[in-house]
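Descriptive analysis of the structure
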Amino acid sequence: AERGKIRPDFRVIDHEWFKLVEDCQNSKAWGIVSIKRRRIGASWRAAADILHDCVFKKHFRAGMNSKTETDSRNLFKNVKYIFQNLPEWMRPQATASDRRDFMDFSYYVKDANGNRIRKGNESSVYSVAPVPQAHEGAGVGKIIMDESGKYNVLDLWQFAEDCLKVNTRRVGMPIIFGTVGDITKEGRGLLEMWKNAD
């Protein structure tokens, strides 16, 4: 807010967070529900985590949302911003085009016969508005639900949970976090997930 583009400090809490994410992701069973204070960089951490998955894993698909459609796009802008500022040797070819809500980590070439062939790691990330059916039918390896204390996260979760499963087995990971607003209104869903995470 004060200095524009900076190289952020990497703190112990960042290391602990990414270690927790990795452990939960490797478990193929657990997710994260986190109630946090404001302005700790959680959205940027989530964007960095999603970008890491899409850059280093083949055929990985991730979905994300925040408290409004505009905020979901802003969360997605963090992914694009980090991607655009990666060192060139680390940045894969990707098709970002001018879309505000989708990025494909692949590119196309033509073979000897003129057919278009998709190359790259073929991972993707998308963002959606926080409506109940937003992630329905997506089939993803990870879902980020940002600012989930500001909308009815339980309504969204009832449709999104199946996107993380193959048949009845959990294979994808949810990361659900936010600052709780009014505990008797929008915040009750996040509080319920926090208290009864199992």
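First, a word on scope: everything that follows refers to the structure included in this document. As the structure is a prediction and not an experimental result, all values here were calculated from the model. (Residues numbered from 1 in each chain as written. Predicted model: local features only at pLDDT ≥ 70, side-chain atom pairs only at ≥ 80, totals over all residues. Heavy atoms only, no water.)

1. Points about the pairing of strand 5 (residues 142–145)
By the alternation rule, side chains of strand 5 split into Lys-142 and Ile-144 and Ile-143 and Met-145, which are all buried. Taken together, the four bridges between strand 2 (residues 61–65) and strand 5 define a ladder with parallel strand orientation. Paired with Met-64 across the bridge in strand 5 is Ile-144. Here strand 5 runs beside strand 8 (residues 173–178); their pairing, made up of four bridges, is parallel. Pairing of Ile-144 across the sheet is with Ile-175, part of strand 8. (Buried < 20%, exposed > 50% of the residue type's maximum accessible area, 1.4 Å probe, protein only. Helix = DSSP H or I, 4+ residues; strand = E, 2+ residues; numbered from the N terminus. Pairing = 2+ DSSP bridges.)

2. Let's talk about helix 5 (residues 187–195)
Because the α-helix completes a turn every 3.6 residues, residues three or four places apart line up on one side. Listed in full, the buried residues belonging to helix 5 are Gly-187, Gly-189, Leu-190 and Met-193. On an axial view of helix 5, the arc spanned by its buried residues comes to 160°, and they lie on one face. Of the surrounding secondary structure, the elements contacted by the buried residues of helix 5 are strand 1 (32–35), helix 4 (153–160) and strand 8. (Arc of directions from axis to C-beta. Contact = heavy atoms within 4.5 Å.)

3. Describing the pairing of strand 3 (residues 102–110)
Every other side chain in a regular strand lies on the same face of the sheet, so the side chains alternate between the two faces. When strand 3 meets strand 4 (residues 116–128), the two strands line up antiparallel, connected through nine bridges. Within strand 4, the residue paired with Phe-102 across the bridge is Tyr-126. Here strand 3 folds back onto strand 4 in antiparallel fashion, the turn holding five residues, of which Gly-114 has a positive phi close to 85°.

4. Brief notes about the nonpolar core
Ranked by internal contacts, the top residues of the largest apolar core, which has 27 residues, are Ile-50, Leu-51, Met-64, Phe-105, Val-125, Ile-144 and Ile-175. Listing elements by their share of this core, those giving two or more residues are helix 1 (12–27), helix 2 (42–56), strand 2, helix 3 (69–84), strand 3 and strand 8. If you tally residues by element for this core, the top one is helix 2, at seven residues. Among residues more than four places away in sequence, those in contact with Ile-50 are Ala-62, Met-64, Val-79, Val-125, Lys-142 and Ile-144. Formed by 18 residues, the second largest nonpolar core is a distinct cluster that contains Tyr-126, Ile-143, Ile-176 and Leu-190. (Core = buried A, V, L, I, M, F, W, Y, C linked by side-chain atoms within 4.5 Å.)

5. Observations regarding unusual backbone geometry
Not every positive phi belongs to a glycine, and Glu-147 is a case in point at roughly 50°. Along the chain, the position of Glu-147 falls in the loop between strand 5 and helix 4. In this structure Glu-147 comes out as buried when scored by relative accessible area, which is 16%. A positive phi angle, near 55°, is found at Asn-167, a position not held by glycine.

6. What about the environment of Arg-99?
Relative to the helices and strands, Arg-99 resides in the loop between helix 3 and strand 3. We classify Arg-99 as partly exposed; its relative accessible area is 40%. A sequence separation of 26 residues divides Arg-99 from Arg-73, and the C-alpha atoms of the two residues are 9.8 Å apart. If near-sequence neighbours (up to four positions away) are discounted, Arg-99 is found in contact with Phe-76 and Lys-80.

7. Some remarks on the packing of helix 2 against helix 3
With their axes 9 Å apart at the nearest point, helix 2 and helix 3 run at an angle of 60° to one another. With respect to each other, helix 2 and helix 3 are oriented oblique. Between helix 2 and helix 3 lies a crossing of right-handed hand. Listed contacts from helix 3 to Ser-43, Trp-44, Ala-47, Ala-48, Ile-50 and Leu-51 of helix 2 are Leu-75, Asn-78, Val-79, Tyr-81, Ile-82 and Phe-83. Among the residues making up the contact of helix 2 with helix 3, the classes are represented as 10 nonpolar, two polar and no charged. (Axes fitted to C-alpha atoms, helices over the stretch in contact; angles between N-to-C directions. Parallel < 35°, antiparallel > 145°, perpendicular 65-115°, else oblique. Left-handed = near helix turned anticlockwise from the far one by under 90°. Nonpolar A, V, L, I, M, F, W, Y, C, P; charged D, E, K, R; others polar.)

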